[in-house]
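Structural features, examined
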Protein chains: 2
Amino acid sequence: MTQTVTASMIVIGDEILSGRTKDRNIGHLADILTAIGIDLVEVRIVADDEAAIVEAVNTLRARTDYVFTTGGIGPTHDDITADSVSRAFGLPCEHDARALALLAANYAGRGIEFTEARRRMARMPVGAEHIDNPVSLAPGFRIGNVHVMAGVPAIFQAMLDNVVPTLKSGTKLLSVSVHCPFGEGTIGGPLGDIQKAHPDTIIGSYPKYQDGTFWTELVVRSRDGEALARAEAAVREMLAGLTG
Amino acid sequence: MTQTVTASMIVIGDEILSGRTKDRNIGHLADILTAIGIDLVEVRIVADDEAAIVEAVNTLRARTDYVFTTGGIGPTHDDITADSVSRAFGLPCEHDARALALLAANYAGRGIEFTEARRRMARMPVGAEHIDNPVSLAPGFRIGNVHVMAGVPAIFQAMLDNVVPTLKSGTKLLSVSVHCPFGEGTIGGPLGDIQKAHPDTIIGSYPKYQDGTFWTELVVRSRDGEALARAEAAVREMLAGLTG
């Protein structure tokens, strides 16, 4: 029996939309979720704008089993993710006592003033659970099915490592990649027929263009190993017919 | 007088959501739009799924001046962008006569069969205008304010070059970057005060983490050069006070 678990992602930050920072978190989350059998079904990149964040959070938390956000949880005025997620849930956003204690002890030990800005990093919706941050200490948090994490890739990745063991995993989507030396125009017709004949699989066709030549990567996916093998065999037979 | 022109982007493709392909088009579009004074306000990555594409197209074309899509316009069964965009507009999706003639002549000249799959690449909503494709010929298209382009980066970039001269441009957002040797916790409080005192600017704070050290890139943006200069001076004065 197969189980489908779905996820979505919200990347928060003006700097991504302006091109100043190139996102490196989407691909990482996609890789990790695929590896553990969770389907990432939608990603949204939104500005540092409360209304935009609230809309994305409320739409996607109703639609997918898990939501992952990156960005906007630092100490500056443009870090509004904690407030926005709290508003999406209709919860007050307050300084979390445990996070305050954690940060206070850390800054005291380093002889650094625990400023009001730094205290902002302890704010989260009432009732949220911490997501530990082994890199720079200030925690992310989980509220409901929404996981709120940092945008700095090293911190995001470390936080995600802490989240993964808590996720229910779907039946892993198996996949096999078949190299196709032809462009999509050559194989598009027969490939469509193979897809129709193998409804338990998802057959993707990804055009590649390099040095003036087109080739195609064909990827067959299924949660059923036998269905996968049957569809893969059909694809390879089709390709052999074209080269032979 | 300033004019704001907004845009959104829809990246279409299972291969991005699975992590198999890492998107390279979002950052490129963001850079180009910023350079010509158009604000990219939202990006969505959706699956090769008609309902998902229709929803994204209809939401975003109502919300922003321009919509740009990438992916799903090739010749295979999983290329459903033309059909989905047509459905979003309530228009029939048909083989475009000029696109068919263009492709037919090209394939005839190269002695390649003009298969039904290849003919799919000439399909678009009735009334759409071509977006020329100098790389592999099969055109993208524009319908209403939606620009439908290829997912292969070399082709996307070439198509976008052809679209840019047709866009109305906003007043360019000016920006200046100020290196801040401190972490966000140190400057978060005073920076928030500067933002409040300079409402005609957008002050962004982007934490950087490298080799165990935090620093911050501060970016001041404005459509008004004098307002920008005043806010930049305030930021530099604040930083000088911290180092002095």
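Basis of the calculations
Residues numbered from 1 in each chain as written. Chains lettered and ligands numbered in written order. Predicted model: local features only at pLDDT ≥ 70, side-chain atom pairs only at ≥ 80, totals over all residues. Helix = DSSP H or I, 4+ residues; strand = E, 2+ residues; numbered from the N terminus. Rg over C-alpha atoms; globule rule 2.2 N^0.38 Å. Buried ≥ 20, exposed ≤ 12 C-beta atoms within 10 Å, placed from the backbone. Contact = placed C-beta atoms within 7 Å. Pairing = 2+ DSSP bridges. Least-squares fit on C-alpha atoms with pLDDT ≥ 70 in both. Domains from an automatic or database assignment. Axes fitted to C-alpha atoms, helices over the stretch in contact; angles between N-to-C directions. Parallel < 35°, antiparallel > 145°, perpendicular 65-115°, else oblique. Left-handed = near helix turned anticlockwise from the far one by under 90°. Nonpolar A, V, L, I, M, F, W, Y, C, P; charged D, E, K, R; others polar.

**Notes on the overall build of chain A**
Per the secondary structure count, chain A includes 9 helices and 11 strands. The C-alpha atoms of chain A give 22 Å as radius of gyration, which overshoots the globular expectation for 244 residues (18 Å, by more than 25%). Referenced to the eigenvectors of the C-alpha coordinate spread, the extents of chain A come out at roughly 75 × 45 × 35 Å. Among the 244 residues that make up chain A, the fraction classed as buried is 48%. Sequence-distant contacts, at least 24 apart, represent 66% of the contacts inside chain A between residues at least 6 apart.

**Section: the pairing of strand S10 (residues 202-210) of chain A**
Residues and elements named next belong to chain A. Pairing between S10 and strand S11 (residues 213-222): 9 bridges, direction antiparallel. Counterpart to Gln 210 in the pairing with S11 is Thr 213. Where S10 hands over to S11, the hairpin turn is made up of 2 residues, of which Asp 211 adopts a positive phi near 50°.

**Comments concerning the pairing of strand S6 (residues 129-133) of chain A**
Residues and elements named next belong to chain A. Pairing analysis gives 4 bridges linking S6 to strand S7 (residues 137-143), with the strands arranged antiparallel. Directly across from His 130, in S7, lies its bridge partner Phe 141. With antiparallel pairing between neighbouring strands as the criterion, S6 and S7 make up a hairpin whose turn holds 3 residues.

**So, the relation of the copies chain A and chain B**
One chain copy maps onto the other through a rotation about an axis and a shift parallel to that axis. Once chain A is rotated about the relating axis by 180° and shifted along it by 0.0 Å, it coincides with chain B to within an RMSD of 0.0 Å. Taken together, the rotation angle and the small translation identify this as a two-fold axis. Every residue of chain A has its C-alpha some distance from the rotation axis, and the shortest such distance is that of Arg44(A), at 2.2 Å. Interface residue correspondence from chain A to chain B reaches 100%, placing this contact among same-surface, isologous pairings.

**Comments concerning the domain arrangement of chain A**
Partitioning chain A into structural domains gives domain 1 (6-166) and domain 2 (174-243). Computed over C-alpha atoms, the centres of domain 1 of chain A and domain 2 of chain A are 38 Å apart.

**Side note on the sheet that holds strand S9 (residues 174-180) of chain A**
Residues and elements named next belong to chain A. In spatial order, the strands read S9-S11-S10; together these 3 strands make up an open sheet with antiparallel pairing. In this open sheet, the two edge strands, each paired with only one partner strand, are S9 and S10. Here the average twist between neighbouring strands, direction ignored, is 20°.

**Observations regarding the interface of chain A and chain B**
If you look at the interface, chain A gives 49 residues, while chain B gives 49 residues. As defined by bridge partners, strand S2 (residues 39-46) of chain A adjoins strand S2 (residues 39-46) of chain B across 5 bridges and the pair is classed as antiparallel. Each bridged residue has a counterpart across the sheet, and for Arg44(A) the counterpart in S2(B) is Arg44(B).

**Considering the environment of Val126(A)**
If you trace the backbone, Val126(A) turns up in the loop between strand S5 (123-125) and S6. The residues touching Val126(A), leaving out its near neighbours within four places in the chain, are Leu91(A), Pro92(A) and Glu94(A).

**A look at the sheet that holds strand S9 (residues 174-180) of chain B**
What links the strands of a sheet is backbone hydrogen bonding, and the strands pair in either a parallel or an antiparallel sense. Residues and elements named next belong to chain B. A sheet is described by the order of its strands in space; here 3 strands give the open sequence S9-S11-S10, paired in antiparallel fashion. The two strands at the open ends of the sheet, each matched to only one other strand, are S9 and strand S10 (202-210). The average undirected angle you get between the axes of adjacent strands in this sheet is 20°.

**Describing the environment of Thr81(A)**
Residue and element names in this part refer to chain A. For Thr 81, the location among the structural elements is in helix H4 (residues 81-89). On the neighbour-count criterion, Thr 81 (28 C-beta atoms within 10 Å) is buried. Residues Thr 81 and Arg 119 lie 38 residues apart in sequence; the distance between their C-alpha atoms is 15 Å. Those residues in contact with Thr 81, other than ones at most four positions away along the chain, are Ile 12, Ile 53, Thr 69, Gly 71, Gly 72, Ile 73 and Val 148.

**A few points about the packing of helix H8 (residues 184-197) of chain B against helix H9 (residues 225-243) of chain B**
Residues and elements named next belong to chain B. It is the contact of H8 with H9, at a shortest axis distance of 10 Å, that shows an interaxial angle of 155°. On the basis of their axis angle, the class for H8 and H9 is roughly antiparallel. Seen from above, H8 lies across H9 with right-handed handedness. Residues Thr 186, Pro 190, Ile 194 and Ala 197 of H8 form the contact with H9, whose own contacting residues are Ala 231, Ala 234, Val 235, Met 238 and Leu 242. When its residues are assigned to classes, the contact of H8 with H9 shows 8 nonpolar, 1 polar and no charged.

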